[in-house]
Each structure stands twice: as C-alpha cells, then as structure tokens.
Amino acid sequence: MEKIYFSEIRVLKAAENYVTLILEDRQLFGHITMQQILSQLLADDFIQTHKSFIVSIKDIEYVNTNSIGIKNMEIPIGKTFKTALKDKLRKKK
C-alpha cells in the first residue's frame, strides 16, 4: 500500500482489470478497474479521454484532433469522449 495524492497523478492507463498510474516521478501498477478509479477521483480535476485513459486536466499541454499531450506522452481521444473533453476544457479556462 502506498499513499498517492491526486496532485501527483498525470495519467491513468487501463488494461482489463489493471491500471497503470503515471505519476510525477514514477509509475505504479494496480489491480483495479477504470470505474473504481473514476469513482474516487475528483471530477473537476480529471477527465476520461479514451476507454483506456484518464488524464489530469491541469497537465494537458496541447490538444489535437485525436490526441492530447502530457509530459512527452500522446494520449488518444476516443470519439465518444471528444465532446465532454472540449466542454470541460472550455469551462476550465
């Protein structure tokens, strides 16, 4: 068990019932589903961009048509998540 602060989380990447947490300075791997993670995250600070990715809104560096950039990573934007992402980014500005 390790205590993780929401402010440390940059990206969450899912693969079946496992999630990789990409933090400021390390990565952690856990046996948990995306739905379980989503229920614990602060809704104003994170957004799901793809069925396999949740990102920290404050860490988004750029947004393209089909991807976003965070810390040298290109994260895909799924078709079903585009509208919600655009709306949330407009509200945060």
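Since the model is a prediction, treat every value here as computed from it, not as a measurement.

About the cut-offs
- Counting starts from 1 at the beginning of each chain's written sequence and moves along it residue by residue.
- For this predicted model, a pLDDT threshold of at least 70 governs which residues receive local features, and a threshold of 80 or more governs which side-chain atom pairs are given and counted, while totals over whole chains, interfaces and linings are taken from all residues.
- Note that the side-chain values use all heavy atoms of the structure and ignore hydrogens as well as water.
- Numbering of helices and strands runs from the N terminus, with a helix taken as a DSSP run of H or I at least four residues long and a strand as a DSSP run of E at least two residues long.
- Exposed residues in this analysis have more than 50% of their type's maximum accessible area, buried residues have under 20%, and partly exposed residues fall in between, with area computed by a 1.4 Å probe over protein chains only.
- In protein, a polar contact requires one atom able to donate a hydrogen and another able to accept it; more generally it is a pair of N or O atoms within 3.5 Å, and residues adjacent in sequence count only if both atoms are side-chain atoms.
- The contact rule is simple, with two residues in contact once any of their heavy atoms fall within 4.5 Å.
- When a carboxyl oxygen of Asp or Glu lies within 4 Å of a side-chain nitrogen of Lys or Arg, that pair is called a salt bridge.

## Details of the side chain of Ser67
(1) Moving on: Mapped onto the fold, Ser67 is located in strand β7 (residues 67-70).
(2) Moving on: Using a relative accessible area of 8% as the deciding quantity, one classes Ser67 as buried.
(3) Moving on: Side-chain polar atoms of Ser67 contact the side chain of Glu74, separated by 2.9 Å.
(4) Moving on: Setting aside residues up to four positions removed in sequence, Ser67 forms contacts with Glu74, Ile75, Pro76 and Ile77.

## Re the pattern of salt bridges
(1) Moving on: According to the stated counting rule, one finds 7 salt bridges in the structure shown.
(2) Moving on: In this structure, Arg26 engages Glu2 in a salt bridge whose closest nitrogen and oxygen atoms are separated by 2.6 Å. One end of the pair, Arg26, is in the loop between β2 (18-23) and β3 (27-30); the other, Glu2, is in the segment before β1 (9-15), and 24 residues separate them in sequence.
(3) Moving on: A relative accessible area of 26% means that Arg26 is categorised as partly exposed.
(4) Moving on: With a relative accessible area of 45%, Glu2 lands in the partly exposed category.
(5) Moving on: Across the pair Glu8 and Arg26 runs a salt bridge, and its minimum N-O distance is 3.4 Å. Of the two residues, Glu8 sits in the segment before β1 while Arg26 sits in the loop between β2 and β3, which places them 18 residues apart along the sequence.
(6) Moving on: Overall, Glu8 belongs to the buried group, its relative accessible area being 13%.
(7) Moving on: Salt bridges here are not isolated pairs; linked through shared partners, they connect Glu2, Glu8, Asp25 and Arg26.

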